Amino acid sequence: MRFDMQPANNSVFNALPPAVVALAVVIGGLEIMFQLAAEGIIGGQDGIGWRISAIENYTIVDSVVEWMLANGIYPADQLARFVTYPLIHGSFVHAAFVVVFVLALGKMVGEAFGQVAFFAVFWISAIVAGIVYVSFLNTRVPLLGGYPGAYGLIGAFTYMRWLMARMTGEGQHQAFSLIAMLAAIQIIFAVIYRDYGNLLADLTGFTVGFLVSFIVSPGGWTRLLAKLRQR
């Protein structure tokens, strides 16, 4: 599958769908704010604790979900955690890698599927990953960061490669080479650090992103294949 590059004199951001830029700017902007606050440049004394406060209030925490289920009460601000957690990260490196994934994969997914579909893939993947995380794990470690949503974009990208493989008669298994490599790396680290939560969430995000692409891709199979042929 070939994606034509924009002319070198064009701004990188001009070549990206606005929705992709917006998501990357929000993630990157929040991380820059946390970094400046940690250095005492903004927020004063309170700013030092902004990241911890954000993690406590805007990420998925198993105990909070258990409380909602036990009491049958589902406050909107607590349910919002499933939407806000992809925007909060544990470190600059954590956020930077997510931004790279969003920009690189978001460009291809956003151009082929459309900007609304880009958002749908990212957030549906993240939300379902969050539900799976709290449903199958009993952990005090909160789920935070945009990796599940980014893996959803990997799923959509894999869907595009899979369609191209079907169209050209190439081996369809090659479409899954990227996720196979990333999953292998994550499994190794999960075994070393005995942390399987992120692995579960990320692979769930990928699976959802791949499957939801059947629904959100414009015009289904026919129109998407026509778009890919033009590239």
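Below is a summary of the structure that appears in this document. (Residues numbered from 1 in each chain as written. Predicted model: local features only at pLDDT ≥ 70, side-chain atom pairs only at ≥ 80, totals over all residues. Heavy atoms only, no water.)

### Section: the overall build of the chain
This is how the line gets drawn: Counting from the N terminus, the helices are DSSP H or I runs at least four residues long and the strands are E runs at least two residues long. Only protein chains enter the area calculation, which uses a 1.4 Å probe; residues under 20% of their type maximum are buried, those over 50% are exposed, and those in between are partly exposed. By the convention used here, residues are in contact when the closest approach between their heavy atoms is within 4.5 Å. Each accessible area value is a Shrake-Rupley result obtained with a 1.4 Å probe; residue values ignore everything except the protein chains displayed when judging cover.
The number of helices and strands found in the chain is 12 helices and zero strands. The burial tally for the chain puts 44% of its 231 residues in the buried class. Counting only contacts in the chain whose residues sit at least 6 apart along the sequence, the fraction spanning at least 24 positions is 76%. Summed over its atoms, the accessible surface of the chain is roughly 12100 Å², and 65% of this surface lies on carbon and sulfur atoms.

### Details of the nonpolar core
For clarity, the threshold we go by: For this analysis, a nonpolar core means a set of buried residues of the types Ala, Val, Leu, Ile, Met, Phe, Trp, Tyr and Cys, connected via side-chain atoms within 4.5 Å.
Membership of the largest hydrophobic core comes to 35 residues, with the highest contact counts inside it found for Leu-23, Ile-27, Val-102, Phe-113, Phe-118 and Leu-153. Those elements giving two or more residues to this core turn out to be helix 1 (18-38), helix 7 (92-113), helix 8 (115-136), helix 9 (147-168), helix 10 (177-193) and helix 11 (197-216). What Val-102 contacts, discounting residues up to four positions off in sequence, is Val-20, Leu-23, Ala-24, Lys-107, Phe-118, Phe-122 and Leu-153. Counting 13 residues, the second largest nonpolar core, distinct from the first, contains Tyr-85, Ala-129, Tyr-133 and Ala-201.

### Topic: helix 11
Note the following rule: To estimate the expected span of a helix, count its residues, drop one, and scale the result by 1.5 Å.
Between its first and last C-alpha, helix 11 extends 28 Å over 20 residues, near the 28 Å set by a 1.5 Å rise per residue. Here helix 11 has its buried residues at Gly-197, Leu-199, Ala-201, Asp-202, Thr-204, Gly-205, Phe-206, Val-208, Gly-209, Phe-210, Val-212 and Ser-213. Looking at the buried residues of helix 11, the elements they touch are helix 7, helix 8, helix 9 and helix 10.

### Observations regarding the side chain of Thr-204
In this structure, Thr-204 sits in helix 11. Residues contacting Thr-204, with those up to four places away along its chain left out, are Val-128, Ala-129 and Val-132.

### Some details on the side chain of Thr-59
Counting through the fold element by element, Thr-59 comes out in the loop between helix 3 (50-58) and helix 4 (62-71). Among residues more than four places away in sequence, those in contact with Thr-59 are Ala-54, Arg-81, Tyr-85, Ile-88, Pro-142, Leu-143 and Leu-144.

### Overview of the environment of Gly-43
Note that Gly-43 resides in the loop between helix 1 and helix 2 (44-47). Residue classification places Gly-43 among the partly exposed positions, given a relative accessible area of 38%. Sequence separation between Gly-43 and Met-33 is 10 residues; the distance between their C-alpha atoms is 9.3 Å.

### Notes on the packing of aromatic side chains
Convention followed: What counts as a ring pair is set by centres within 6.5 Å for rings of Phe, Tyr and Trp (its six-membered ring), and what kind of pair is set by the plane angle: stacked under 30 degrees, edge-to-face over 60, tilted for all other angles.
Scanning the entire structure with this criterion turns up 15 aromatic pairs. Relative to Phe-214, the ring of Tyr-159 has its centre 4.8 Å away and its plane inclined at 70 degrees; by these criteria the two rings are edge-to-face. Within this pair, whereas Tyr-159 is found in helix 9, its partner Phe-214 is found in helix 11, the two being separated by 55 residues in sequence. For Tyr-159, a relative accessible area of 0% puts it in the buried group.

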